[in-house]
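Residues per chain are reported as follows:
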Amino acid sequence: MTRQQIGYYAGVTARTLNNWCKPYRKELEALGLHPGMIILPPNIVQWICDKFCIDIEP
């Protein structure tokens, strides 16, 4: 899943989602997030959805 797709479910842009994640950058890097990643691994998608209460289930 991409940041843009997660942002869609949250009702925000990918840029806004990135701004939300900035304070948690170190924690996300520890989970395996690298700068420039297009497709996010499932563990990072789950972390973002749990942290910001985003429901991605249809």
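Up top is the structure.
This section reports on the structure supplied with the text.

The rules behind these values
- Each chain has its residues counted from 1, following the order in which its sequence is written.
- Given that this is a predicted model, residues contribute local features only at a pLDDT of at least 70 and side-chain atom pairs are listed and counted only at 80 or more, while totals for whole chains, interfaces and linings are drawn from all residues.
- Remark: hydrogens and water are excluded; side-chain values derive from all non-hydrogen atoms of the structure.
- Each Phe, Tyr or Trp ring, with Trp reduced to its six-membered ring, pairs with another whose centre is within 6.5 Å; inter-plane angles below 30 degrees give stacked pairs, above 60 give edge-to-face pairs, and intermediate values give tilted ones.
- With a 1.4 Å probe rolled over the protein chains alone, any residue whose accessible area is under 20% of its type maximum counts as buried; one over 50% counts as exposed, and the rest are partly exposed.
- Going along the chain from the N terminus, every DSSP run of H or I of four or more residues is numbered as a helix, and every run of E of two or more is numbered as a strand.
- Cavity means a closed set of points on a 1 Å grid over the protein atoms alone, one where a 1.4 Å probe fits but cannot get out, pocket means an open set with protein on both sides within 12 Å along at least 5 of 7 lines, and lining means a residue has an atom within 4 Å of a point.
- Grid points are joined across faces, edges and corners, and a volume is the space filled by probe spheres set on the points.
- Throughout this entry, Asp, Glu, Lys and Arg are counted as charged residues, while Ala, Val, Leu, Ile, Met, Phe, Trp, Tyr, Cys and Pro are counted as nonpolar. The remaining residues, Gly among them, count as polar.

### Here we look at the packing of aromatic side chains
In step 1: Summed over all chains, the structure comprises 4 aromatic pairs.
In step 2: Here the aromatic rings of Y8 and Y9 are separated by 5.5 Å at their centres, their planes lie at 75°, and the arrangement is edge-to-face.
In step 3: The class of Y9 is partly exposed, set by a relative accessible area of 39%.
In step 4: Here the aromatic rings of Y24 and W47 are separated by 5.6 Å at their centres, their planes lie at 65°, and the arrangement is edge-to-face. Remark: W47 occurs in helix α4 (residues 42-51) and Y24 occurs in the loop between α2 (14-21) and α3 (25-31); sequence separation between them is 23 residues.
In step 5: We classify Y24 as partly exposed; its relative accessible area is 27%.
In step 6: In this structure W47 comes out as buried when scored by relative accessible area, which is 14%.

### Brief notes about the layout of surface pockets
In step 1: A volume near 220 Å³ is recorded for the largest pocket.
In step 2: Around the largest pocket, the lining comprises 13 residues; the ones closest to its centre are R3, N18, R25, L28 and L33.
In step 3: Every element with two or more residues in the lining of the largest pocket is listed here: α2 and α3.
In step 4: Its residues assigned to classes, the lining of the largest pocket comprises 7 nonpolar, 2 polar and 4 charged.

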